[in-house]
Amino acid sequence: MENDENINEKTTTVAPDSLDVKDNAGTAADINTDTTAKIEVPELLIDQIIGQEHAVEVVRKAASQRRHIMMIGTPGTGKSLLAKAMAELLPKEELQDILGYPNIEDSNNPRIREVPAGKGREIVMAHKMEAKKKNQARNMLMMLLVFGIVMYSFYVGQLFMGLIAAIMILLLTRQFMPKDELIIPKLIVSNFEKEHAPFIDATGTHAGALLGDVRHDPFQSGGLETPAHDRVEGGDIHKAHKGVLFIDEINTLRIESQQSMLTALQEKEYAITGQSERSSGALVKTDPVPCDFIMVAAGNLDAVEKMHPALRSRIKGYGYEVYMRDSMKDTAENRKKLVRFVAQEVVRDGHIPHFEMSAVDEVIREAKRRAGRKGHLTLKLRDLGGLVRVAGDIARAEDAGITTAEHVLAAKNMARSIEQQLADRYLEQKKDYELFGKNGAAIGRVNGLAVMGGDSGIVLPIIAEVTPAQSASEGRIIATGMLKDIAREAVQNVSAVIKKITGKDTIKHDIHIQFIGTYEGVEGDSASISIATAVISAIEHIPIDQTVAMTGSLSVRGDVLPIGGVTYKIEAAALAGIKKIIIPKSNESDVLIEDTYKDMVEIIPVSNITEVIEHSLIGSDSDKKGIIDRLKKLTNVKLNIDIPDVVPAALKNINNGAGTNNA
């Protein structure tokens, strides 16, 4: 229990604004505290939101004016947390309970009544107590009557007939006496002792759960039937009355439900009726039930296209649309926010020890890696929070009183995504069957690099072959490997560069390009320089150095353009045994590889196809010099042949500042 004491330890708190961080440090090491236990965690959820200042401002305004919101963005950026925070900002005093009453005139049309929060429970309890008293009095009267009949029949010598009469009276009484449930109202929505306005997550709910429903009654006659008002069940839109209704992936909601949601938003009330036509509850329909909620709809970009246009128009016309950020600038102020984020996750979990600053450094460094953008920190904080919890679990399993940098490093390996595990399996299989080379040289064969799932790199072997054209009119470029739209367009763009570079008549030849082992398909244009290098090698019969892997997009004029996932691609190449990796120069500052890999590979940034060929092709000097000279003229580039000049000194030491001590 030592760890629990550490978690709940009362310590002197330090407000985030008072934390002293050097702006160019890129680390939490300069904060004037030693652990996250001394970091003050705000009480309100709205003050715990990190990096979404615009969204926070909108939520505050929407809460005060009761406006609807649609949040669009990457999963894990805080959409549901913002919706919960909005519920905290709404006034508790406006909450109401909703009761359903029997309708004497029409039993299939229950009456609805609104009362202040907490009063509904008192009313139901009072009716139950009254019904209980009536039931006790009636039972006592019946017992006296039955006892009297039995005693009289015994006195006159007709005991058997007396017993029959008593039983008949009991049955008739059960059949014709009014049932107690008929006078007891049904508490449809209760806000008894709630501290905040309700927050209802209606993501993925079916129509009955969302809009309310009427339970089926198998006993519809004989005095055994359940009263209609007692079978009415409130939906999420009614439970969210005076609060927030959150629906993620709004486009997955059935179109009929979206239309009903539109009615509820407009009228602020929606009658509950049976959702199944085959149910005995199909005839039941209540009076309109209040549902004055604030709707927070969320989703990815496809949600905008697929949701009901009238529903979106309602939100847009009477509320706000917010696009969530997935990264924030890497500044001292934002790094302080991530320190507070770690403290918040520890407090929210309640079962893991606090983090020392070196451990927070590793979390911040991982935030840089996952941002996928130079000078930025990721705001996909759900995934980053998962890393924090796994590191805390490891520390707790070791009975450590504090989570250290070693625990975070171990968590990175343990908490790998499915895509990362698949990528590792992929590399193992490719090594076993030697599907990609890492030694020697080969004509028309290059080690490309790709990303699986956004955070896992793989080596993607690409082979090119030139054959006589099958068509007498023109040659073709034939690419195989389940290429998708962007990848096919990239191949077409590369064909323009190839024609300019080789200067040969490609009309008489077919160029075959094969992506090896791409059973799930290939998308994106980051293999462009790999394709160009393989084809040039095949046409010119100049071998490619198999110790080199490369990634980069290619313009039709031969410029190497930036790509995504460069860090993960470099690490995958290092694991595969590749020694040199060519990347776009514009991605140079995006590289944040782990310390494990920094001495395993040489990273070569390039700006154009000329430099790619210089560092990848090997062979006779005359052949190589000829193709490079043509490239220089076409790309108008003055290339320095001396490799140390091509590779900036800063890049050679690119990982020196990426270790445990300097996040």
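Residues numbered from 1 in each chain as written. Predicted model: local features only at pLDDT ≥ 70, side-chain atom pairs only at ≥ 80, totals over all residues. Heavy atoms only, no water.

### Quick look at the overall build of the protein
Logical step 1: Assigned secondary structure in the protein consists of 22 helices and 23 strands.
Logical step 2: When the 663 residues of the protein are sorted by exposure, 48% land in the buried category.
Logical step 3: In the protein, once contacts between residues fewer than 6 apart in sequence are set aside, the share between residues at least 24 apart is 75%.
Logical step 4: Summed over its atoms, the accessible surface of the protein is roughly 32,400 Å², and 52% of this surface lies on carbon and sulfur atoms. (Helix = DSSP H or I, 4+ residues; strand = E, 2+ residues; numbered from the N terminus. Buried < 20%, exposed > 50% of the residue type's maximum accessible area, 1.4 Å probe, protein only. Contact = heavy atoms within 4.5 Å. Areas by Shrake-Rupley, 256 points an atom, 1.4 Å probe, with all protein chains shown as cover.)

### Quick notes on a nonpolar patch on the surface
Logical step 1: A cluster of nonpolar side chains, namely F160, M161, I164, I167, M168 and L171, defines an oily patch on the protein surface of about 630 Å² accessible area.
Logical step 2: Within the element layout of this structure, I167 appears in helix α5 (residues 159–176). (Patch = residues over 30% accessible without salt bridge, like charges linked within 9 Å, V, L, I, M, F, W, Y side chains within 5 Å. Salt bridge = Lys/Arg side-chain N within 4 Å of Asp/Glu carboxyl O.)

### Overview of the packing of aromatic side chains
Logical step 1: All told, the structure shown has one aromatic pair when counted by the stated rule.
Logical step 2: The ring of F192 is capped by R121, whose NZ or CZ atom sits 4.4 Å from the centre of that ring.
Logical step 3: When the ring centre of Y318 is taken as reference, the NZ or CZ atom of R314 above it lies at 4.1 Å. (Phe/Tyr/Trp six-rings, centres within 6.5 Å; stacked < 30°, edge-to-face > 60°. Lys NZ or Arg CZ within 6 Å of the ring centre and 35° of its normal.)

### Quick notes on the sheet that holds strand β16 (residues 477–480)
Logical step 1: One open sheet accounts for seven strands, arranged β16-β17-β15-β14-β19-β22-β23; its pairing is mixed. Both outer strands of the open sheet, β16 and β23 (602–606), are each paired with one neighbouring strand and no more. Recorded for the sheet is a direction-independent mean angle of 30° between the axes of neighbouring strands.
Logical step 2: The pairing of strand β14 (residues 445–452) with strand β19 (residues 548–550) spans two bridges and is parallel. Paired with G448 across the bridge in β19 is M550.
Logical step 3: Where helix α17 (residues 528–540) meets the sheet, its contacts fall on β14, β15 (456–468), β17 (509–515), β19 and β22 (580–584), and the angle it forms with β15 comes to roughly 30°.
Logical step 4: The sheet strands contacting helix α19 (residues 609–616) are β19, β22 and β23, and the helix crosses β23 at an angle near 150°. (Pairing = 2+ DSSP bridges. Axes fitted to C-alpha atoms, helices over the stretch in contact; angles between N-to-C directions.)

### Section: the pattern of salt bridges
Logical step 1: Using the criterion set out here, one finds 27 salt bridges in the structure.
Logical step 2: Between R254 and E256 there is a salt bridge, with its nearest N and O atoms 3.6 Å apart.
Logical step 3: The exposure class of R254 is exposed, given its relative accessible area of 58%.
Logical step 4: Residue E256 is classed as partly exposed on the basis of its relative accessible area of 42%.
Logical step 5: In this structure, the salt-bridge partner of R370 is E366, at a minimum N-O distance of 2.9 Å. Residue R370 and its partner E366 are both found in helix α12 (residues 357–371); the two are separated by four residues, about one turn of the helix.
Logical step 6: For R370, a relative accessible area of 27% gives the class partly exposed.
Logical step 7: Of the residues examined, E366 reaches a relative accessible area of 6% and is grouped as buried.
Logical step 8: One salt-bridge network, held together by shared partners, links E362, R365, E366, R369, R370, K412, E571 and E594.

### Remarks on unusual backbone geometry
Logical step 1: Positive phi outside glycine occurs at E249, with the angle close to 50°.
Logical step 2: For D399, which is not a glycine, the phi torsion comes out positive at approximately 60°.
Logical step 3: The topology assignment puts D399 in the loop between α13 (381–397) and α14 (405–414).

### Focus: helix α4 (residues 119–156)
Logical step 1: With 38 residues, α4 extends 56 Å from end C-alpha to end C-alpha; this agrees with the ideal 56 Å at 1.5 Å per step.
Logical step 2: For α4, the full list of buried residues reads G120, I123, V124, A131, M142, V146 and S153.
Logical step 3: Looking one or two residues past α4, G157 carries a phi angle of roughly 80°, positive in sign. (Expected span 1.5 Å × (residues − 1).)

### Observations concerning the sheet that holds strand β2 (residues 96–101)
Logical step 1: Pairing is antiparallel across the open sheet formed by three strands, whose spatial order is β3-β2-β4. Here the strands that pair on one side only, and so sit at the sheet edges, are β3 (111–116) and β4 (186–189). Averaged over all adjacent pairs, the angle separating strand axes in this sheet is 35°, with direction ignored.
Logical step 2: In this sheet, β3 lies alongside β2 in antiparallel orientation, the contact comprising six bridges. Across the sheet, residue L99 finds its bridge partner in β3, namely R113.
Logical step 3: Along the sheet face, α4 touches β2, β3 and β4 and points at about 35° away from the line of β2.

### Some words on the pairing of β2
Logical step 1: Extensive coverage of β2 is indicated by the burial of five of its six residues.
Logical step 2: Relative to β4, β2 runs antiparallel, the two sharing three bridges. Each residue of the ladder has a partner; that of L99, found in β4, is L187.

### Looking at the confidence of the model for the protein
As a note on interpretation, predicted positions should not be read in detail where pLDDT is low.
Logical step 1: Residue-level pLDDT values for the protein average 81, and 80% of them are 70 or greater.
Logical step 2: Below pLDDT 50 for its whole length, residues 1–25 participates in 53 contacts with residues either more than four positions away or in separate chains.
Logical step 3: This model gives residues 637–663 a pLDDT under 50, and the stretch forms 57 contacts once residues within four places in sequence are excluded. (pLDDT = per-residue confidence, 0-100.)

### Examining the packing of helix α11 (residues 332–349) against α13
Logical step 1: Close contact between α11 and α13 brings their axes to 10 Å; oriented N to C, the two are set at 65°. Note that α11 runs across α13; the crossing there is right-handed. On α13, the residues that touch L338, F341, V342, E345 and D349 of α11 are L381, L384, G385, V388 and R389.
Logical step 2: Residue classes in the contact of α11 with α13 are distributed as six nonpolar, one polar and three charged. (Left-handed = near helix turned anticlockwise from the far one by under 90°. Nonpolar A, V, L, I, M, F, W, Y, C, P; charged D, E, K, R; others polar.)

### A word on the packing of α17 against α19
Logical step 1: Contact geometry for α17 and α19: axes closest at 11 Å, N-to-C directions at 60°. Considered as vectors, α17 and α19 are oriented oblique to each other. Our pair here, α17 against α19, has a crossing hand that is right-handed. Across the interface between the two elements, I529, A532, T533 and I536 from α17 touch I609, V612, I613 and S616 from α19. (Parallel < 35°, antiparallel > 145°, perpendicular 65-115°, else oblique.)

### Quick look at the environment of M143
Logical step 1: Residue placement: M143 occurs in helix α4.
Logical step 2: Owing to a relative accessible area of 58%, M143 belongs among the exposed residues under this scheme.

### Brief notes about the nonpolar core
Logical step 1: Counting 38 residues, the largest nonpolar core has I462, I513, I531, V535, I582 and V612 as its most contacted members.
Logical step 2: Tallying contributions element by element places α17 first for this core, with eight residues.
Logical step 3: In contact with I582, not counting residues within four places along its chain, are I529, V548, A549, M550, T551, I604, V606, V612, H615 and S616.
Logical step 4: Among the nonpolar cores identified, the runner-up in size contains 28 residues, and I39, I50, I352 and A367 belong to it. (Core = buried A, V, L, I, M, F, W, Y, C linked by side-chain atoms within 4.5 Å.)

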